[in-house]
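If you want the building blocks of each chain, they are given just below.
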Amino acid sequence: AQSVSQHNHHVILSEAASLELGCNYSYGGTVNLFWYVQYPGQHLQLLLKYFSGDPLVKGIKGFEAEFIKSKFSFNLRKPSVQWSDTAEYFCAVNAPFGSGTYKYIFGTGTRLKVLA
Amino acid sequence: EAGVTQSPTHLIKTRGQQVTLRCSPISGHTSVYWYQQALGLGLQFLLWYDEGEERNRGNFPPRFSGRQFPNYSSELNVNALELEDSALYLCASSFTGPDTQYFGPGTRLTVL
């Protein structure tokens, strides 16, 4: 079955530390990849997405992600985190599901806490 | 531009009851998705509607159903509620196709 794995469930970092959140998916075909973020008290919102082209994708607030097809990975990175990055981060895959349909599969999320 | 709206915000029901949740998509969006977010389980895909048709559904029993209206708003119905149905139910909308989803604030359902 198709799945998305986020290996880090909770991450605690100090401000200015570098961040890398792992995301692996299991699907052999063409996929679209997303990272969504949910700040405390706010809706889920898009951080960045990859559809095609340059596998290094830049998103909002200094985040970037790299699509490595051979590793089925789409890891999220930020060189220097801020206290305001405290949030829950979700990796998602959009994959074809036959007959012209597709489905979204979300990972279980990673809760990031940044200490001031 | 108004975002995705959901109602009600909170609901408390007892086992065996039925519930209806509502979602209004962003203007111009024709696709509506429903997710269940239970503690520690991430977002579980429930249903996808596009242009009034059910396009796909997740691995949930038939007591989870819904529909999409001509104005693209949507309802999620859950019959014969069970304790494990307690969760945050999120609605998202997008343009047709595998595009970015825009999420609403969710409806918190508690089943006692």
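Our subject is the structure that appears above.
Residues numbered from 1 in each chain as written. Chains lettered and ligands numbered in written order. Predicted model: local features only at pLDDT ≥ 70, side-chain atom pairs only at ≥ 80, totals over all residues. Heavy atoms only, no water.

Draft legend 1. Local environment of the pattern of salt bridges. Scanning the entire structure with this criterion turns up eleven salt bridges over all chains. The closest approach of N and O atoms between Arg-55 of chain B and Asp-50 of chain B, which form a salt bridge, is 3.8 Å. Of the charged contacts, one joins Glu-82 of chain B and Arg-63 of chain B as a salt bridge, the two residues approaching to 3.4 Å between their closest N and O atoms. Here Arg-63 of chain B lies in the loop between strand S6 (53-57) and strand S7 (64-68) and Glu-82 of chain B lies in the loop between strand S8 (74-78) and strand S9 (87-94), a separation of 19 residues in the sequence. For Arg-63 of chain B, a relative accessible area of 16% gives the class buried. Bridged by salt links that share partners, the residues Lys-58, Glu-64, Glu-66 and Arg-77 of chain A form one connected network. (Salt bridge = Lys/Arg side-chain N within 4 Å of Asp/Glu carboxyl O. Helix = DSSP H or I, 4+ residues; strand = E, 2+ residues; numbered from the N terminus. Buried < 20%, exposed > 50% of the residue type's maximum accessible area, 1.4 Å probe, protein only.)

Draft legend 2. Just the sheet that holds S8 of chain B, in detail. Residues and elements named next belong to chain B. A sheet is described by the order of its strands in space; here four strands give the open sequence S1-S3-S8-S7, paired in antiparallel fashion. In the strand order of this sheet, the two ends are held by strand S1 (5-7) and S7, each with one partner. Along the sheet, successive strands turn relative to each other by an average axial angle of 20°, direction set aside. One ladder, built from five bridges, connects S7 with S8; its direction is antiparallel. Residue pairing across strands places Arg-67 opposite Glu-75, the latter belonging to S8. (Pairing = 2+ DSSP bridges. Axes fitted to C-alpha atoms, helices over the stretch in contact; angles between N-to-C directions.)

Draft legend 3. Region of interest: the interface of chain A and chain B. Listed as interface residues are 19 residues of chain A and, on the opposing side, 20 residues of chain B. Surface buried jointly by chain A and chain B totals about 1700 Å² across both partners, of which 57% is contributed by carbon and sulfur atoms. For the pair chain A and chain B, the interface holds one salt bridge. At the junction of chain A and chain B, the tally comes to five residue pairs in polar contact (both at pLDDT 80 or more). At the level of elements, strand S5 (32-38), strand S6 (44-50), strand S10 (87-96) and strand S11 (102-106) of chain A are the ones that each hand at least two residues to the side of chain A that touches chain B. (Contact = heavy atoms within 4.5 Å. Buried area = accessible area lost by both parts, 1.4 Å probe. Polar contact = N/O pair within 3.5 Å; in protein donor to acceptor, adjacent residues only side chain to side chain.)

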